[in-house]
Structure formats: structure tokens, C-alpha cells
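Structural overview for review
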Amino acid sequence: MKTAADVFTIIAMLAGLFFFVAGTVGLLRFPDTYTRLHALTKADNLGLGMVVVGLLPQAGNIVVALKLIVVWLLVMLTSSDVSQLIARAARRQEKRS
Amino acid sequence: MISAISVGIGILLLALALWTVVVRDTFAAVAGFIPYGLLLTLAWLVLRAVDVALTEAAIGAGLTGALLIRAASRLHPTETAAQAETPGLATRVAAGVAATAVAVVIALCLLRLPDPAPTLAPEVARHIQATGVGNPITAVLLSFRAIDTLLEAIVLLFGVVGVWSLAPDRCWGGRPGLAQAVGPNDILVYLARVLPPIGVVIGIYIFWVGADHPGGKFQGATVIAAMWLLVMMSGLRDAPPVSRRWLRAVLILGPAVFIALGLLGAVMAGAFLAYPDGWAKLWIIIIEAALLPSLAVTLVLLLIGPPQRPEVSP
């Protein structure tokens, strides 16, 4: 049982890390602000989500597990809003120039 | 494994610090300083100083970062003129010598530290029972070294006075910051409606667990301050004019309660800021609860800047 949980954690964390690496590569390689934001939100939402899912079996008690999920939900809420704000600011700057 | 992480964080910290100092553009320097603060948070976590890590993340990276971004955007119009000026050779040599001397002195001090380093931790562990709190950091901040915390709160208050004193005469007593014009269906308005209820609960939670776990009034106040700033930035509620009496009352509430209980301690327990036997926990909670709103309002007012709009009489 313990081993199964550990294997699950490792697989989920690796998946999360993959999304973070992919998001970082996208941030460095993509040509403009909008596509870079697109890459970043993948890292934030899916990457952090997989890391949180991977940590759940290791949390030990339900309160810690719930806190982890709340952290993920809050990051999703704020990162999606912030990326929209950045995209709008970028568009305004483009219009002006 | 841990040492590999430590070395990685150390290298990144040095690189970011170098970038922040060397880069010419002010905004780029600020953009380097904020991740520097977040990395420092990780460094404190590796050292298992969770309280310091929380403070660094909230105050060092978050609040100071926001302050610096504001400062950088204010300096933007004069930046090209400032960059065109090159200091003379003598000035540069003097600055280099002075900076090197300071670095050498600090390095010598670090290298000559006795091993093991002098520590008061066993003393704190021995006497923590008397304070009634379980988190040694809180015990130090509000009992053993309460005078430091009191002075910190007062220094922040002076900071607000300093910021206000930058107001032009016609705006004195008016509203700080510029008026925000944001559409009612804006995403910022949505965020400012959804996030603050959650943020305020989290802020109070961080404050409350500070008695026994990492956390406390400073970190909690920063979260609450951020929520209020969000509401102001979205234009849902305007900033209050600095002449409002309730605003000033909240500002001085924390330090005033702190000083009053300190004087009461002088009468009841024989020394300023001493707590009578058995009352320590209750007094600490009262002081922390009074400091929380004061600190939150202080941080908001520090960030939002001096009054910029004269108050229109209704």
C-alpha cells in the first residue's frame, strides 16, 4: 500500500515537472507575450496540479491535503486573472505604438 | 540532495544579486530583486527557519517588490537623463573602495565567528513555558524581546508620517493614490470580489496559528493589506482620505495598546513590558490582535503613497 502510494507520487510529480519544464521552455522560446503567457499558464495550472495530486498521498492527514488543494485552486484563480491582465496591458501597448 | 539544492539556490542568489546591482535599467533591477527575495525564502526554508521564510516572502519579496515597482515607474520619466550622467573616475574608485571595504569587513566577521555560534536558544526553550505560547519565535518577539517589536511597529508608523509629508499642500488630508478607472465587468473587479473574503480568512488564520506554529501578525497583516489594495486598485472602493479620524485611530491602535500594556506591566510586574504571572498569553494575544489591523493599514498606506487628490467636500 505504501509502495503503491509512493509510485503514484513519483509518477504524478514527474508529470508535474514535465509541465513546468515545458512551460519554462515555452516562456523562453515563444515569439510574443500572448504565446508566452499560454505556456506559463500550462505550467501553473497543470504542473502545479500534478505536483499537488502527487503530494496528496503523502499529506498524512485530511487537513493538510485540503490545504494543498486550496493552494492549487488559489493559484489557478489568480494566475489566470493575472495572465489576462498582462495580455491586456500588452495589447494596449501594441495599439499605442 | 539537500546540499545540491542549497548550492543551486546559493549560485542563483549570487547571480540575481549581481544582476540587480549591475543592470542599468531600474525596472530590470526590480525584476531581478523580486525573484531574489523568493529565492531567499527558499534558502530560509532549507535552513528550517519557516517564520523568517514567511516574512521574507510577504514583506521582503511581496511588499518591498510592489514598493520598488511603484518607485521604478515613478522614476521612469527621468531615467534617460539619470543614465546619461556618468560619475567621475574619483567617485567611482571611492565607491568601489568603500563597497569592497564593507564586504571584506563583513566576510572577516563571518569567518571569525566562534564555533559553535553563541546562542540563546536553550534559554528560550527553558523559559517558553512562562509565556504560554508554543512558537519560540512568537515568544521571543512578544515576550523576551517585546521592546524590539514595539519599536518596529512605531518605526512603520513614522514611515507613514514620512510618506504623508511628501503630499503637496493643496492635497493635504486628501485621498492617496490616483483615481482608478476600471470598467465594471473588468477581470480585476471580478478578482477583487472573489479573492478578499478568502484572503482575509487566510490572513487571520496566519495571525492566529502564530501562537504555536510559524505565522504571526506581520505575515497575516501583509495578506490582509494585499486584499485591501486589490479592492482599491479595482476601483470597487476608493482609498480613504488620510484626514479620516477612524483611519488614524486604527493606525495608532496597535502601538498604543502595546505601550499601555507595557506601562501596566511596569505597575503590576515591576518592569516596562513585563507580563504578570499567568497573564502572559492573554496579554500577548491582546497586543497581537491590536497590532494586526494597525499593521495592515500601515502597510497599505505605505504602498499607496502620499495624498494626491484634494478631498472634495460633499
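Residues numbered from 1 in each chain as written. Chains lettered and ligands numbered in written order. Predicted model: local features only at pLDDT ≥ 70, side-chain atom pairs only at ≥ 80, totals over all residues.

Quick look at the overall build of chain A
What counts here: Secondary structure elements are taken from DSSP: a helix is a run of H or I of four residues or more, a strand is a run of E of two residues or more, and numbering for both begins at the N terminus. Two things to know: the radius of gyration comes from C-alpha atoms, and the globule rule equals 2.2 Å times the number of residues to the power 0.38. Every C-beta atom is placed from the backbone, and the number of other C-beta atoms within 10 Å of a residue's own sets its class: buried at 20 or more, exposed at 12 or fewer, partly exposed in between.
Along the backbone of chain A there are 3 helices and 0 strands. Going from N to C terminus, chain A has its helices and strands arranged as α-α-α. Expected size for 97 residues packed as a compact globule is a radius of gyration near 13 Å; at 17 Å, chain A overshoots this value by more than 25%. Oriented by its inertia axes, the alpha-carbon framework of chain A measures out at about 60 × 25 × 10 Å. When each of the 97 residues of chain A is scored for burial, the buried share is 13%.

Comments concerning the overall build of chain B
Note the following rule: We call two residues in contact whenever the C-beta atoms placed from their backbones are within 7 Å.
Scanning chain B from terminus to terminus reveals 12 helices and 2 strands. Scanning chain B from its N terminus toward the C terminus, one meets helices and strands in the order α-α-α-α-α-α-α-α-β-α-α-α-α-β. Its C-alpha atoms give chain B principal-axis dimensions of roughly 60 × 60 × 40 Å. For chain B, the proportion of contacts with a sequence separation of at least 24, taken over those separated by at least 6, is 74%.

Some remarks on the interface of chain A and chain B
For clarity, the threshold we go by: Classification convention: Asp, Glu, Lys, Arg as charged; Ala, Val, Leu, Ile, Met, Phe, Trp, Tyr, Cys, Pro as nonpolar; all other residues, Gly among them, as polar.
With 5 residues of chain A in contact, the opposing surface of chain B contributes 5 residues. When grouped by side-chain class, the residues that make up the side of chain A that touches chain B number 3 nonpolar, 1 polar and 1 charged.

Regarding the packing of helix α3 (residues 62–96) of chain A against helix α9 (residues 187–209) of chain B
What counts here: Note on geometry: axes are C-alpha line fits, over the in-contact stretch for helices, and angles between N-to-C directions span 0 to 180 degrees. An angle below 35 degrees is treated as roughly parallel, one above 145 as roughly antiparallel, one from 65 to 115 as roughly perpendicular, and anything else as oblique. In this scheme, a crossing is called left-handed if the near helix is turned counterclockwise away from the far one by less than a right angle; it is called right-handed if the turn is clockwise.
Following both chains from N to C, one finds α3(A) and α9(B) inclined at 160°, their axes separated by 10 Å at the closest point. One finds that α3(A) runs roughly antiparallel with respect to α9(B). Of the two possible hands of crossing, α3(A) and α9(B) adopt the one that is left-handed. Contacts between α3(A) and α9(B) involve L74(A), L77(A), D81(A), Q84(A) and L85(A) from the first element and I187(B), L188(B), L191(B), V194(B) and I198(B) from the second. Grouping the constituent residues of the contact of α3(A) with α9(B) by class yields 8 nonpolar, 1 polar and 1 charged.

Quick word on helix α12 (residues 280–304) of chain B
All names here are of chain B. For clarity, the threshold we go by: Working rule for helices: expected span equals 1.5 Å times residues minus one.
Helix length check: α12 (25 residues) gives 36 Å between terminal C-alpha atoms against 36 Å at 1.5 Å per residue, within 8%. Counted residue by residue, α12 has 18 buried out of 25 residues, so it is predominantly covered. Of the residues trailing α12, G305 is marked for its positive phi of about 90°.

Notes on the nonpolar core
In plain terms, the rule: Throughout this description, the term nonpolar core refers to a group of buried Ala, Val, Leu, Ile, Met, Phe, Trp, Tyr and Cys residues whose C-beta atoms join them within 7 Å.
Among the nonpolar cores identified, the biggest contains 52 residues, and A221(B), A225(B), I287(B), L295(B), A296(B), L299(B) and V300(B) are the most heavily contacted of them. At the level of secondary structure, the elements contributing two or more residues to this core comprise α3 (50–75), α7 (136–144), α8 (146–164), α9, α10 (217–233), α11 (245–268) and α12 of chain B. At 15 residues, the largest contribution of residues to this core is made by α12(B). If we skip the residues at most four places from it in the chain, L299(B) touches L63(B), A221(B), T222(B) and A225(B). Core analysis: the next-biggest nonpolar cluster, separate from the first, contains 7 residues, F19(A), A43(A), M50(A) and V52(A) among them.

Here we look at the confidence of the model for chain B
Residue and element names in this part refer to chain B. Stated formally: Confidence of the prediction at every residue is given by pLDDT, a number between 0 and 100.
Averaged over chain B, the pLDDT score is 87; the fraction of residues at 70 or greater is 99%. Taken element by element, chain B is modelled with least confidence in helix α4 (residues 79–84), mean pLDDT 80, and with most confidence in helix α5 (residues 89–111), mean pLDDT 93. Predicted complex metrics record ipTM = 0.83 and pTM = 0.86.

Focus: α3(B)
Residue and element names in this part refer to chain B. Definition in use: Bend at a given residue is defined as the angle between two axes, one fitted to the seven residues that end at that position and one fitted to the seven that begin there.
Here α3 contains 26 residues, and its C-alpha end-to-end distance of 35 Å stays within 8% of the 38 Å for a straight helix at 1.5 Å per residue. Approximately 35° is the largest bend angle found in α3, and it occurs at E56. Among the residues of α3, D51, A53, L54, T55, E56, A57, A58, G60, G62 and L63 are the ones counted as buried. Of the surrounding elements, those touching the buried residues of α3 are α2 (26–46), α7, α10 and α12.

A word on the environment of G262(B)
All names here are of chain B. Looking at the element boundaries, G262 is found in helix α11. Judged by C-beta crowding, with 19 C-beta atoms within 10 Å, G262 ranks as partly exposed. As for G262 and V200, which are separated by 62 residues in sequence, their C-alpha atoms are 29 Å apart. Excluding residues that lie within four positions of it along the chain, G262 makes contacts with L150, F272 and L273.

Digging into unusual backbone geometry
Residues and elements named next belong to chain B. You will see that R48, though not glycine, has its phi angle at about 60°, which is positive. In this structure, R48 sits in the loop between α2 and α3. Its 8 C-beta neighbours within 10 Å are what place R48 among the exposed residues. Phi angles above zero are rare outside glycine, and L273 is one such case at about 70°. Residue class for L273 comes out buried when judged on the 22 C-beta atoms lying within 10 Å of it.

Brief notes about the confidence of the model for chain A
Predicted confidence across chain A gives a mean pLDDT of 89, with 99% of residues reaching 70 or more. Considering each helix and strand of chain A separately, the mean pLDDT is smallest for helix α2 (residues 33–55) of chain A, with a value of 88, and largest for helix α1 (residues 2–29) of chain A, with 91.

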